[in-house]
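Examining the three-dimensional arrangement
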Amino acid sequence: MFKRFFYSEKNEQLVLKEMRTHLELLEQACRCFVDFLKGGDKRFLEEIVEIEREGDIVRRNILSTLYKGAFLPYLRPNIYRFVEIIDETLDLLKDKARLCEFISIPPILLDDTLQIAVLNTEMVRMLIIAFDTFVAGDDLRERVLAVRIYEKRIDDLYHDLFLRITKVSVEDFWQGRGLGDFFSLLVKLSDLVEDAGDVLSLLHLSLS
Amino acid sequence: MAKEWLLSSGILMGWSLGANDSANVFGTGVASGLVGYRTAIFVAAVFVLLGSIIEGEKCMGSLGALTALSHSEAFFAMLSSGLTMTIFTLLALPASTSQAIVGALMGIAVYHGNPDFSALGKFLTCWVLTPIGGIICSVALYKPLKTLVMKGIRSPIARNRVFLVGILITGSYGAYSLGSNNVANVTGVYVTSGLISPFWGLLIGGVSIAAGVLTYSRKTMMTVGKSIVPLDPFSGLLAVFSESLVLHVFTQVGIPVSSSQAIVGGVLGVGIARDIRTVNFRVMGKIFCGWIITPVISGSLAWIAVFMENAFKGGRIMEWLNFLWYRFPTSGVETYLFVPPLVMFIASSITATGGISGAFLLLPFQVSVLKYTSPGASATNFIYNIVAIPGGVYRYIRDGKFSWTLFLSLMIGTLPGVFFGYWMRIVYLPDPKRFKFFVGCVLLYLGLRTIWSAIGEFRTAGGRPKQVKGRITKENFGLRSAVVFENQTYVFSSLGVMIVALFVGVIGGAYGIGGGALMAPYLISVLELPVYIVSGAALCSTWVTSILGAIIYAIGPLSGPSTQTSPDWLLGALFGLGGFLGTYFGAWLQKYLPSSWIKTALGIVIVYIAIRYVWPMISGLIS
């Protein structure tokens, strides 16, 4: 009857550990994408798909541990939300990888695309640092602010990129649509990571 | 009145207090899922009992300072407080048990002409200070505790644990304080009146509060808890802690106060500490109104109760009411004209909330209270049914839920049965001792069935059957009859129904009931007919059987002045009038009362009456 109150904090520790793993998988997938853009090796795309599958397993582990009673019920909705956002980001990376198997990025857009992908990776790294700060119980406002700054920079870059996209000629409708979807996904990733940073702030506030 | 019965109003009050106020200590934890319901009620019950026994005595004497009470006045004080709390609960107004009891005691003091307003001043000050104390505690503790938790405990896992264990500790402390402070509200007046010793007062009070926590606190915990839950865990914890602290402080002062107002103060204090704009001043206004209205109503009720008691005791009321004294010529019963309708109004109001006909309790009343034991009593029972039932039958016919085929099958079986019952009553059961044994057997069956039905409701969490709007569209009468209801065909053996109805008719004919209530379980459980079809037909069959039963008793071949079989039409009509109004009132009241608990209580009372009727015959056989 009372074991929840007086026994170990195993469930809570497991949830935090798995959340960290989830974030690391996201960073790893982002790096694979950067490597693909640098070298064009499609094996990296396959790796992203694999990472996304691993991410699904981690997500399920977290949800089942929360269901077993980890953390206050008051905190669980935000933890669920955080995990779902990271999972959605991994899904988005997988979709992007699948798209890249069918489209070719025009050379005049490659540099900017690479720059956005690198910034996305750095943004995820910053999110991991923010998460570590949260776990340590320190103030994470500056970390979350850094995540937002990354997002702003990516938005600015995308704005320039968009102007140039309109001047690129495409072979057929499907090539054009694929390219449009690819760039939408590229920039949506940073929005999702920013959302994850906000939810982390909410979690921190919930405990204060 | 026996000593044990005088305690009943206090025990009921304690039970209600436990069921309601435990929400103030564990509502947050249970509604948010932090603490399991079973864990919460177990911990709360244990700590309430501990609080009552260890520190409850500190508040016991304070109520005695308001007025000296006789044993029966103590009972009326608790009854008036209980009634006031029920009225306020039905009207969804905030009320405090402590204020109701103090109001009742002052009402009695005013009646005696010796109210001590200086002692009342102490209570009034404490009532005002209760929510204010909650506010002060929360405001004072908010920042220091917040700093302690935020700076001292940084890791989210550790904070999570602090809140988790904190809710259990503050809840336990709250339950302890509730028991120590509020036990005086339950048995304080009995102790000061000398009815029971302080030890028994603490024990009975503590156990009755704990019983309320254990048996009926889930609903209030969820309702009250959900209104506090939007607070973050720290604020919720602090509000409960402030409430517990305030209750404990007032225990040391020796004044029982309201736990609900203490928690409201605690929550308001948290709001003020964070931002004064979050405070709802309307809630404060309601509490203020409660300080005045609760004691005034409770005091008035207590005044009326004691006035009536003394008026009856001195015989003055009886003198005034002498013009209503009447001797019913047929039965020879002598009583006030308002007694038969009043008794059946009360009895039917209660039995209708539990879904039972008042006719079952009418016969014991005639036999044991009015001493009307001749066969005419059974016939008078029939008259009650004739007057009380038509409204219900009309409703079933209007709603298209009346099955003619089932009604016919019941009638064909019941009518000869009633005649046999009449014969049995006159030939074999004219002797009151034998007749009482027969009545006891019928009541025993009914009582056990009522308890069984209540157990069923407890198992299904008291869920009420949903209202079905369908109508009977087609019927076919034969050896195997068919009824089409809500596009579903129900087939039953008419012959089988007639045979069972014949036996039921014999019992009903002798007892003075139509037998519908005895038939219904067979039709629903064995033939698996829907309750919507059965109720209308059974009720109408009871009505028609009662008419014919009354006629048979009046002019049957065995009837005559020597056998005293003729029904007392006026007495029966007066009973029926009360029953008719009581059934409607009970049906309305049913929405507000837990039917499973009423059924349990009714079942126990019926079984008790049955045993009293059956036992003399059995003990005679044994000896």
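No experiment lies behind these values; they were computed from the predicted model shown.

Attention now goes to the overall build of chain B. Of the regular secondary structure elements, chain B holds 24 helices and 5 strands. Seen through its C-alpha atoms, chain B measures out along the principal axes to roughly 90 × 65 × 50 Å. Going through the 623 residues of chain B one by one, you find that 53% of them count as buried. Summarising the internal contacts of chain B: among those between residues at least 6 apart in sequence, 81% fall at separations of at least 24. Here chain B displays about 26,900 Å² of accessible surface, and carbon together with sulfur accounts for 70% of that area. Averaging the coordinates of the 39 positive side-chain charges in chain B and doing the same for the 19 negative ones gives two points 10 Å apart.

The next subject is the overall build of chain A. Scanning chain A from terminus to terminus reveals 7 helices and 0 strands. Seen in sequence order, chain A has helices and strands lined up from the N terminus as α-α-α-α-α-α-α. Counting only C-alpha atoms and orienting by the principal axes, one finds that chain A spans roughly 70 × 30 × 25 Å. In chain A, buried positions account for 51% of the 208 residues.

Let us now look at the pairing of strand 5 (residues 488-493) of chain B. Residue and element names in this part refer to chain B. Two elements, strand 4 (residues 480-485) and strand 5, share 6 bridges in a ladder whose sense is antiparallel. The partner of V484 across the bridge, within strand 5, is T489. Remark: 2 residues form the turn of the hairpin made by strand 4 and strand 5, two consecutive strands paired antiparallel; E486 in that turn has positive phi of roughly 55°.

Our next topic: the domain arrangement of chain B. The assigned domain composition of chain B is domain 1 (9-307) and domain 2 (334-460 + 469-622). Using only C-alpha atoms to locate each centre, domain 1 of chain B and domain 2 of chain B end up separated by 45 Å.

With that settled, consider unusual backbone geometry. With a phi angle near 65°, A:F71 is a residue other than glycine that sits in the positive phi range. Judged by its relative accessible area of 3%, A:F71 falls in the buried class. At B:E528, a residue that is not glycine, the phi angle is positive and equals roughly 55°. Tracing the backbone through its elements, the reader meets B:E528 in the loop between helix 21 (516-526) and helix 22 (531-555).

Residues and elements named next belong to chain A. Applying the stated rule across the entire model yields 16 salt bridges over all chains. Between D198 and R148 there is a salt bridge, and its shortest N-O distance comes to 3.1 Å. Placement of D198 in helix 7 (residues 173-206) and of R148 in helix 6 (residues 141-165) is noted, with a sequence separation of 50 residues between them. For D198, a relative accessible area of 30% corresponds to the partly exposed category. Connected through salt bridges with shared partners, the residues R20, E24 and D132 form a single ionic network.

Residues and elements named next belong to chain B. Spatially, 3 strands are ordered 3-4-5 in an open sheet, and the strand pairing comes out antiparallel. Sheet topology places strand 3 (472-476) and strand 5 at the edges, where each strand pairs with a single neighbour. Across the sheet, the mean angle from the axis of one strand to that of its neighbour is 15°, orientation sign disregarded.

Moving on to the nonpolar core. Residues A:M19, A:F33, A:F71, A:I79, A:F82 and A:F183 are the most contacted members of the largest nonpolar core, which totals 151 residues. With residues up to four places along the chain from it excluded, the contact list for A:F71 reads A:E12, A:V15, A:L16, A:L66, A:R76, A:I79, B:P156, B:I157 and B:N160. Formed by 58 residues, the second largest nonpolar core is a distinct cluster that contains B:Y384, B:F402, B:L523 and B:Y613.

On to the pairing of strand 4 of chain B, then. Residue and element names in this part refer to chain B. When you tally the buried positions in strand 4, you get 5 out of 6 residues, the bulk of the element. Pairing of strand 3 with strand 4 involves 4 bridges; the strand directions are antiparallel. The residue bridging E475 from the neighbouring strand is V483, located in strand 4. What sits between the antiparallel neighbours strand 3 and strand 4 is a turn of 3 residues.

All names here are of chain B. Counted at 1.5 Å a residue, the expected span for helix 16 (residues 376-388) with its 13 residues is 18 Å, and the 18 Å between its end C-alpha atoms agrees. Within helix 16, 11 of the 13 residues are buried, leaving the element largely enclosed by the surrounding structure. Of all the residues in helix 16, the buried ones are G376, A377, S378, A379, T380, N381, F382, I383, Y384, N385 and A388.

With 24 residues of chain B at the contact, the number on the chain A side is 24 residues. Interface of chain B and chain A: buried area, both sides summed, is about 2,300 Å²; carbon and sulfur atoms make up 65% of it. If you look at where chain B meets chain A, you find 2 residue pairs in polar contact (both at pLDDT 80 or more). Every element with two or more residues in the side of chain B that touches chain A is listed here: helix 2 (37-55), helix 6 (117-152) and helix 7 (156-192) of chain B. The element contributing the most residues to the side of chain B that touches chain A is helix 7 of chain B, with 9 residues.

Moving on, we come to the confidence of the model for chain B. With 92% of its residues at a pLDDT of 70 or more, chain B shows a mean pLDDT of 83. Within chain B, helix 2 of chain B carries the highest mean pLDDT (92), whereas helix 13 (residues 316-320) of chain B carries the lowest (68).

This part takes up helix 2 (residues 10-39) of chain A. Taking 1.5 Å of rise per residue, 30 residues should cover 44 Å, and helix 2 of chain A covers 43 Å from first to last C-alpha, within 8% of that figure. Positive backbone phi, at 75°, marks A:G40, one or two positions downstream of helix 2 of chain A.

In this section: the packing of aromatic side chains. Under the criterion given, the structure shown has 28 aromatic pairs over all chains. Seen from their ring centres, A:F33 and A:F36 are 6.2 Å apart, and the 35° between their planes marks the pair as tilted. Residue A:F33 and its partner A:F36 are located together in helix 2, separated by 3 residues, close to a single helical turn. Considering the side-chain rings of B:W325 and B:Y336, the 4.9 Å spacing of their centres and the 80° angle between planes classify their relative orientation as edge-to-face. Of the two residues, B:W325 is situated in strand 1 (residues 325-327) and B:Y336 in strand 2 (residues 334-336); the sequence distance between them amounts to 11 residues. The structure contains a cluster of three or more aromatic residues connected by ring pairs, namely A:F33, A:F36, A:F182 and A:F183. In this arrangement the basic side chain of A:K96 is found over the ring face of A:F33, its NZ or CZ atom lying 4.3 Å from the centre. The positively charged end of B:R425 is found above the aromatic ring belonging to B:F435, 3.4 Å away from the centroid.

Residue and element names in this part refer to chain B. The grouping of F420, W423, V427, Y428, L479, L495, I499, L502, F503 and L558 at the surface amounts to a nonpolar patch, some 980 Å² of accessible area in total. Contributions of two or more residues to the nonpolar patch are made by helix 18 (404-427) and helix 20 (494-511). Counting residues per element, the nonpolar patch draws most heavily on helix 20, at 4 residues. The class for Y428 is partly exposed, based on a relative accessible area of 44%.

A grouping of A:E88, A:D155, A:D191 and A:D195 is seen on the molecular surface, where their side chains present a negatively charged patch. Tracing the chain through its elements places A:D191 in helix 7.

Our focus in this paragraph is the packing of helix 19 (residues 432-459) of chain B against helix 20 of chain B. All names here are of chain B. For the pair helix 19 and helix 20, the least separation of the axes is 11 Å and the interaxial angle reads 125°. Relative to helix 20, the element helix 19 is oriented oblique. The element helix 19 and its partner helix 20 pack so that their crossing is left-handed. Across the interface between the two elements, F435, F438, V439, V442 and L443 of helix 19 pack against I507, A510 and Y511 of helix 20. For the contact of helix 19 with helix 20, the residue count by class is 8 nonpolar, no polar and no charged.

Criteria and thresholds
- Residues numbered from 1 in each chain as written.
- Chains lettered and ligands numbered in written order.
- Predicted model: local features only at pLDDT ≥ 70, side-chain atom pairs only at ≥ 80, totals over all residues.
- Heavy atoms only, no water.
- Helix = DSSP H or I, 4+ residues; strand = E, 2+ residues; numbered from the N terminus.
- Buried < 20%, exposed > 50% of the residue type's maximum accessible area, 1.4 Å probe, protein only.
- Contact = heavy atoms within 4.5 Å.
- Areas by Shrake-Rupley, 256 points an atom, 1.4 Å probe, with all protein chains shown as cover.
- Lys, Arg positive; Asp, Glu negative; His and termini not counted.
- Charge placed at Lys NZ, Arg CZ, Asp CG, Glu CD.
- Pairing = 2+ DSSP bridges.
- Domains from an automatic or database assignment.
- Salt bridge = Lys/Arg side-chain N within 4 Å of Asp/Glu carboxyl O.
- Axes fitted to C-alpha atoms, helices over the stretch in contact; angles between N-to-C directions.
- Core = buried A, V, L, I, M, F, W, Y, C linked by side-chain atoms within 4.5 Å.
- Expected span 1.5 Å × (residues − 1).
- Buried area = accessible area lost by both parts, 1.4 Å probe.
- Polar contact = N/O pair within 3.5 Å; in protein donor to acceptor, adjacent residues only side chain to side chain.
- pLDDT = per-residue confidence, 0-100.
- Phe/Tyr/Trp six-rings, centres within 6.5 Å; stacked < 30°, edge-to-face > 60°.
- Lys NZ or Arg CZ within 6 Å of the ring centre and 35° of its normal.
- Patch = residues over 30% accessible without salt bridge, like charges linked within 9 Å, V, L, I, M, F, W, Y side chains within 5 Å.
- Parallel < 35°, antiparallel > 145°, perpendicular 65-115°, else oblique.
- Left-handed = near helix turned anticlockwise from the far one by under 90°.
- Nonpolar A, V, L, I, M, F, W, Y, C, P; charged D, E, K, R; others polar.

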